[in-house]
Amino acid sequence: MSIKFSISHTSGRARRGVISTAHGEIQTPAFMPVGTAATVKGLHTSEVREAGADIILGNTYHLMLRPTAELIAHLGGLHKFMNWSGPILTDSGGFQVMSLAGLRKITEDGVKFTSHIDGGEHHMLTPERSVEIQHLLDSNITMCFDECLGWPVSEADAAKSMRMSMRWAQRSKDAFVNRDGYGIFGINQGSMYKDLRLESAATLAEIGFDGYAIGGLAIGEAQDVMFEVLDYTVPALPFEAPHYLMGVGTPADIVGAVARGIDMFDCVMPTRSGRTGQGFVRGGTININNSKFKEDDAPIDPTCGCPVCRQYSRAYIHHLFNAKEMLGAMLLSQHNIWHYQDLMREIRAAIEAGEYDSFAEKFFKEWEG
């Protein structure tokens with residue numbers, strides 16, 4: 001295991017660091033745009049890079065189905081395939097264990113999926129196969145295979161699932177091929193139960209990973225519940241390794257999680273919101289579909305310096321959505337990705353200045369009024 005993580009500054013529990021990989025450095029705290037099917041929806045990779053993203057996320061399950069990991073490997077790996085030269089992290093397929101509940105069967109060996117594309121062919125995803133696929137994709141950060149539960153769930157069911165995921169974590173680690181500039185992260189599970197989260201953290205630390213993710217959050221629980229889980233889980237993870245909160249979230253989620261020691265995030269929210277007309281602005285969001293923007297010649301966010309805000313008005317993007325032109329979703333998605341990267345830049349600067357608590361306090365006062 002040989003990705004490297006160094007922490008240069010701390011401010012409270014917030015950390016400023018750098019992860020070094022075979023495909024470049026990741027400035028942390030970092031937000032990873034989601035490129036599930038080898039594309040960040042609506043953006044060229046050059047636009048993702050221009051926004052300031054160092055790393056993007058791909059997905060084992062979806063790329064396994066099409067175009068297949070073997071084809072991507074034959075064509076030179078995921079970096080070349082999607083024209084992204086920077087680091088890539090791949091989700092192991094564990095989230096699909098939850099999201100495709102009607103299309104899968106779980107055993108100790110792994111998960112058998114019925115294809116969500118055509119409902120036909122069956123696919124078996126084990127810890128070993130998940131790691132093999134991520135290796136074929138040439139992912140810089142491999143995620144161990146786990147079961148992600150929904151919420152609510154009983155403590156007994158959460159315990160059974162978590163312990164199976166820990167056995168899968170050991171199998172994932174055993175299957176991982178060590179090489180320079182690549183690493184594997186373990187995933188902490190245990191739902192909202194403190195004893196289970198701490199047991200999971202101890203098990204993962206004993207196995208030993210390059211980084212530690214927290215899964216099974218942002219799945220319907222209230223924000224204060226998520227923060228409570230982070231309050232006791234993050235300190236139980238090895239301090240010297242990156243901490244990754246999976247599938248999170250809103251800007252407010254991110255600011256609060258950084259304060260609790262999280263270094264990495266991913267979420268579909270910037271592009272999914274962009275496709276439906278929601279734009280992120282300082283202090284909250286706007287719905288560009290609203291008729292009040294029909295004659296508004298201001299940019300989406302007057303404080304934003306992204307190419308969209310420099311060149312287009314709210315009125316124009318409102319028109320594009322009203323006319324059902326695909327460019328509207330593309331422009332708003334590009335702005336949202338830029339907004340998230342601006343937030344990460346501000347977060348990193350606040351930590352470097354030793355002023356993260358005051359930054360977070362000001363942010364929460366402004367957020368949604």
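Calculation criteria
Residues numbered from 1 in each chain as written. Predicted model: local features only at pLDDT ≥ 70, side-chain atom pairs only at ≥ 80, totals over all residues. Heavy atoms only, no water. Buried < 20%, exposed > 50% of the residue type's maximum accessible area, 1.4 Å probe, protein only. Helix = DSSP H or I, 4+ residues; strand = E, 2+ residues; numbered from the N terminus. Pairing = 2+ DSSP bridges. 1 Å grid on protein atoms, 1.4 Å probe; cavity = no way out; pocket = protein on both sides within 12 Å on 5 of 7 lines; lining within 4 Å. Points joined across faces, edges and corners; volume = space filled by probe spheres on them. Nonpolar A, V, L, I, M, F, W, Y, C, P; charged D, E, K, R; others polar. Domains from an automatic or database assignment. Disulfide = S-S within 2.5 Å. Buried area = accessible area lost by both parts, 1.4 Å probe. Salt bridge = Lys/Arg side-chain N within 4 Å of Asp/Glu carboxyl O. Expected span 1.5 Å × (residues − 1). Axes fitted to C-alpha atoms, helices over the stretch in contact; angles between N-to-C directions. Parallel < 35°, antiparallel > 145°, perpendicular 65-115°, else oblique. Left-handed = near helix turned anticlockwise from the far one by under 90°. Contact = heavy atoms within 4.5 Å. Phe/Tyr/Trp six-rings, centres within 6.5 Å; stacked < 30°, edge-to-face > 60°. Core = buried A, V, L, I, M, F, W, Y, C linked by side-chain atoms within 4.5 Å.

It is worth spelling out the pairing of strand S4 (residues 30-33) at this point. Side chains Ala 30 and Met 32 project from S4 onto one buried face, and the interleaved Phe 31 and Pro 33 project onto a second face that is buried too. Sheet analysis places S4 next to strand S14 (residues 264-267), joined by 4 bridges and oriented parallel. In the strand pairing of S14, Pro 33 is matched with Cys 267.

Empty space among the atoms can be located by rolling a probe the size of a water molecule over them. Its boundaries defined by the atoms lining it, the largest pocket holds a volume of some 940 Å³. Around the largest pocket, the lining comprises 41 residues; the ones closest to its centre are Val 34, Thr 36, Phe 95, Gln 96 and Val 268. Listed by contribution, the elements that provide at least two residues to the lining of the largest pocket are strand S5 (56-59), helix H5 (94-99), S14 and helix H11 (269-276). Sort the elements by how many residues they give to the lining of the largest pocket and H5 lands first, with 5 residues. In the lining of the largest pocket, the residues fall into 17 nonpolar, 16 polar and 8 charged. Three or more residues apiece are contributed to the lining of the largest pocket by two domains, here domain 1 (4-267) and domain 2 (268-369). If you go around the second largest pocket, you meet 16 residues; those closest to its centre are Arg 282, His 339, Leu 343, Glu 346 and Phe 363. Taken together, the elements giving at least two residues each to the lining of the second largest pocket come down to helix H14 (326-352) and helix H15 (356-366).

A separate point is the state of the cysteines. Per the stated rule, a full pass over the model turns up 0 disulfides. We note that Cys 304 lacks a disulfide partner, and the nearest cysteine sulfur, in Cys 306, lies 3.6 Å from it. Between Cys 309, a free cysteine, and Cys 306, which holds the nearest cysteine sulfur, the sulfur-to-sulfur gap is 3.8 Å.

Split into domains, the chain comes out as domain 1 (4-267) and domain 2 (268-369). Here the C-alpha centre of domain 2 lies 26 Å away from the C-alpha centre of domain 1. Where domain 1 abuts domain 2, roughly 2800 Å² becomes buried across the two surfaces, and 72% of that area is made up of carbon and sulfur atoms. Per-residue buried area on domain 1 facing domain 2 is highest for Ala 51, Pro 251 and Val 255; these three make up 22% of the total on that side. Applying the counting criterion to the domain 1 and domain 2 interface returns 1 salt bridge.

It is worth spelling out the pairing of strand S3 (residues 24-28) at this point. Here 5 bridges tie strand S2 (residues 14-21) to S3, and the two strands are oriented antiparallel to one another. What sits directly across from Ser 20, in S3, is Glu 25. Counted between consecutive antiparallel strands, the loop separating S2 from S3 contains 2 residues.

In this model, helix H7 (residues 155-175) (21 residues) spans 30 Å end to end at C-alpha, consistent with the 30 Å of a helix rising 1.5 Å per residue. The complete set of buried residues in H7 reads Ala 158, Ala 159, Ser 161, Met 162, Met 164, Ser 165, Met 166, Trp 168, Ala 169, Ser 172 and Lys 173.

Turning to the packing of helix H6 (residues 127-137) against H7, a few remarks are in order. When two helices pack together, their arrangement is given by the angle between their axes and by how far apart the axes lie. With their axes 8 Å apart at the nearest point, H6 and H7 run at an angle of 40° to one another. Looking at the two axes, H6 sits oblique to H7. For the pair H6 and H7, the sense of crossing is right-handed. Residue-level inspection shows Pro 127, Glu 128 and Val 131 of H6 in contact with H7, the latter providing Trp 168, Arg 171, Ser 172 and Ala 175.

A word on the packing of aromatic side chains. Pairs of aromatic rings are described using the distance from one ring centre to the other and the angle between the two planes. Taken as a whole and judged by the stated rule, the model has 9 aromatic pairs. Here Phe 209 and Tyr 212 contribute two aromatic rings whose centre-to-centre distance is 6.1 Å and whose plane-to-plane angle is 85°, an arrangement assigned as edge-to-face. Look at Tyr 212 and you get buried, because its relative accessible area is 3%. Between Phe 280 and Tyr 340, the ring centres sit 5.3 Å apart and the planes meet at 90°, which makes this aromatic pair edge-to-face.

Enumeration over the complete set of coordinates arrives at 15 salt bridges. Here Arg 13 ties to Asp 231 by a salt bridge, and the two come within 4.0 Å at their closest N and O atoms. Linking Arg 13 in the loop between strand S1 (4-11) and S2 with Asp 231 in helix H9 (residues 223-233), this pair joins segments that are 218 residues apart in sequence. For the salt bridge of Asp 54 with Arg 49, the shortest nitrogen-to-oxygen distance reads 3.9 Å. Taking relative accessible area as the criterion, Arg 49 reaches 34% and is therefore assigned partly exposed. Salt bridges linked by common partners bring Arg 13, Asp 231 and Arg 260 together as one network.

The strand order S4-S14-S13-S12-S11-S10-S6-S5 describes an open sheet built from 8 strands, whose pairing is parallel. Across the chains shown, the open sheet's two edge strands, defined by having one partner strand only, are S4 and S5. Here the average twist between neighbouring strands, direction ignored, is 25°. Where strand S10 (residues 141-143) meets strand S11 (residues 183-188), 3 bridges bridge the pair, whose relative direction is parallel.

In this section: the nonpolar core. Tyr 244, Leu 245, Phe 265, Ile 347 and Tyr 356 are the most contacted members of the largest nonpolar core, which has 71 residues in total. Inspection of this core shows a minimum of three residues originating in each of domain 1 (4-267) and domain 2 (268-369). Here Leu 245 is in contact with Ile 214, Leu 217, Met 226, Leu 230, Ala 257, Ile 262, Met 264, Phe 265 and Asp 266, once residues within four sequence places are set aside. Of all hydrophobic cores here, the second largest spans 43 residues; its members include Val 48, Met 64, Ala 69 and Cys 306.

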